[in-house]
Amino acid sequence: MTILTRFARRYLLADAAPLSSAERWRSAAAALLGLLIFEGVLFVVPVSPEAHRLLAPLGATSVIVFTLPHSPLAQPWSVIGGLLLPALVGLACGSWLPAGWLAPAVAVAVSIWVMGWLRCIHPPGGAMALVMAVAAGQGVAPGISLAAVGWNTVAILVAAMAVNNLIPGRRYPLCSPPSPATPQRARQSPVGVQEPDLAAALAEIDAYLDISADDLSHLFRRAAHHAFRRHVLLTCGEVMEPALPSLEFATSLNEAWDLMRRHARQALPVVDRGGRVIGLLGLEDFLRHVEADKGSRVGERVRHLLRPTPGSHADKPEVVGQIMLTPQHGLQLARSDDSIAVAAEVLGQGGQAALPVVDESGRLVGMLGAAGLNAVLFHHEALGHIRGDVTA
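The structure presented is a predicted model; accordingly, all values stated were derived computationally and were not measured. (Residues numbered from 1 in each chain as written. Predicted model: local features only at pLDDT ≥ 70, side-chain atom pairs only at ≥ 80, totals over all residues. Heavy atoms only, no water.)

**Describing the pairing of strand β2 (residues 267–271)**
- With 5 of its 5 residues buried, β2 lies for the most part within the structure.
- Of the two faces of β2, the one carrying A267, P269 and V271 and the one carrying L268 and V270 are both buried.
- As defined by bridge partners, strand β1 (residues 247–248) adjoins β2 across 2 bridges and the pair is classed as parallel. Along β2, the bridge assignment pairs E248 with V271.
- Bridge analysis of β2 against strand β3 (residues 277–282) gives 5 bridges, and the strand direction is antiparallel. Along β3, the bridge assignment pairs V271 with V277.
- The antiparallel hairpin formed by β2 and β3 contains 5 residues in its connecting segment, where G275 sits at a positive phi of about 85°. (Buried < 20%, exposed > 50% of the residue type's maximum accessible area, 1.4 Å probe, protein only. Helix = DSSP H or I, 4+ residues; strand = E, 2+ residues; numbered from the N terminus. Pairing = 2+ DSSP bridges.)

Here's what the structure looks like:
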């Protein structure tokens, strides 16, 4: 039984998204009401009774337009082209090919090629090609057959537009965006995934995907939103770098510079003898205290700052404590149990190059830099700042 279950799960069961009970009832009710409207339209149109007959492929079309109204397969051009073109192909194959067994196969194959070429793939088109090829082989008048296809296509589109636009959360056709209650200007993000990126990805896959670019974008935003929330559940203590060198108030500038260079750090924490954070030293702190001198290069001025001054008095900073960023001047710290959303907000402001992480007593336990938050910031930016947008 286990082997059969695994076989069924791997090869027989589709990995499709589950539908809620409410959506199943909505789809069933939409199909019932839609087909009643469909028959009503066929009843009142002023054509011969032969053109009123229901064609079997329209049953498959009704499943698509009332269950998957946002699918590319269900859009008006897919329905029109995916029914009328296979009908023409089927009639031609049934009329011109002498072998009755060959006409249906050729009709379906040609219909698939034509629908793919004209971007109107509609699965019931295969059934339509078969029906028309058989009908032509049995001597049914082409005019009556095409009239039936045409009026059935019109009726199913009228029903789809009437029913799907009555159901909350649906719109048909998909190309008609819903009117927002208040016009808002969409915030464009240079980093976030946008429509051209989705189009390029779909082109690279080079296979038909039964999802519109609009729904794909919406799905991506929702998935990224959940990923962002999952990352926010992490704490600074879980993503920080625990083992880092630290400086003291009296550490010379030359020694601090050398330590930052050897460890490839943009900033290092400054602690007292008890290990409590009293400041942060970053590269920008050095540059802020470099004297402006148009006659010398920046490198020469930095070397002058780092070079110890002989004697007991100096006219420039000599130790870390003289140029570091302190809590009194805006330095922000994070607790190890703080959410990384706090760290993202602090580092996103650009006021400091890194964020010291401390325990309950204020002792240094690690550092968190912008590089450590790249994954979270990427998700946040890729959403196009969707917080609040996915509630629609």
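Having put the structure on the table, let's press on.
**Some remarks on the confidence of the model for the protein**
- Confidence in the prediction of the protein, expressed as mean pLDDT, is 80, and 78% of residues score 70 or more.
- Of all the helices and strands in the protein, helix α15 (residues 374–382) carries the lowest mean pLDDT, 56, while β1 carries the highest, 94. (pLDDT = per-residue confidence, 0-100.)

**Some details on the nonpolar core**
- With 29 residues, the main nonpolar core has V65, F66, M128 and I156 as its most contacted residues.
- For this core, the secondary-structure elements that each account for two or more residues are α2 (21–44), α3 (57–67), α4 (76–96), α6 (124–137) and α7 (142–164).
- Broken down by element, this core gets its largest block of residues, 8 residues, from α7.
- If we ignore the near neighbours within four places in the chain, the residues touching F66 are S27, A30, A31, G34, L35, I156, A159, A160, V163, N164 and R170.
- Counting residues in each nonpolar core, the second largest holds 16 residues, with A256, L268, L281 and F286 among its members. (Core = buried A, V, L, I, M, F, W, Y, C linked by side-chain atoms within 4.5 Å. Contact = heavy atoms within 4.5 Å.)

**Quick word on the sheet that holds strand β4 (residues 334–335)**
- The strand order across the open sheet formed by 3 strands is β4-β5-β6, and the pairing between neighbours is mixed. The two strands at the open ends of the sheet, each matched to only one other strand, are β4 and β6 (364–369).
- Here β4 pairs with strand β5 (residues 354–358) via 2 bridges, running parallel. Counterpart to R335 in the pairing with β5 is V358.
- The sheet strands contacting helix α14 (residues 340–348) are β5 and β6, and the helix crosses β5 at an angle near 145°. (Axes fitted to C-alpha atoms, helices over the stretch in contact; angles between N-to-C directions.)

**Let's talk about helix α11 (residues 253–262)**
- Along α11, the residues classified as buried are L253, A256, L259 and M260. In a view along the axis of α11, the buried residues occupy a sector of 125°, so they form one face of it. Opposite the buried face of α11, at more than 90 degrees from it, the exposed residues are E255, R261 and R262.
- Immediately downstream of α11, the backbone of A264 shows phi near 55°, a positive value. (Arc of directions from axis to C-beta.)

**Re the sheet that holds β3**
- Here we have 3 strands laid out as an open sheet, ordered β1-β2-β3, and mixed in their pairing. Two strands close off the open sheet at either side, each with one partner strand: β1 and β3.

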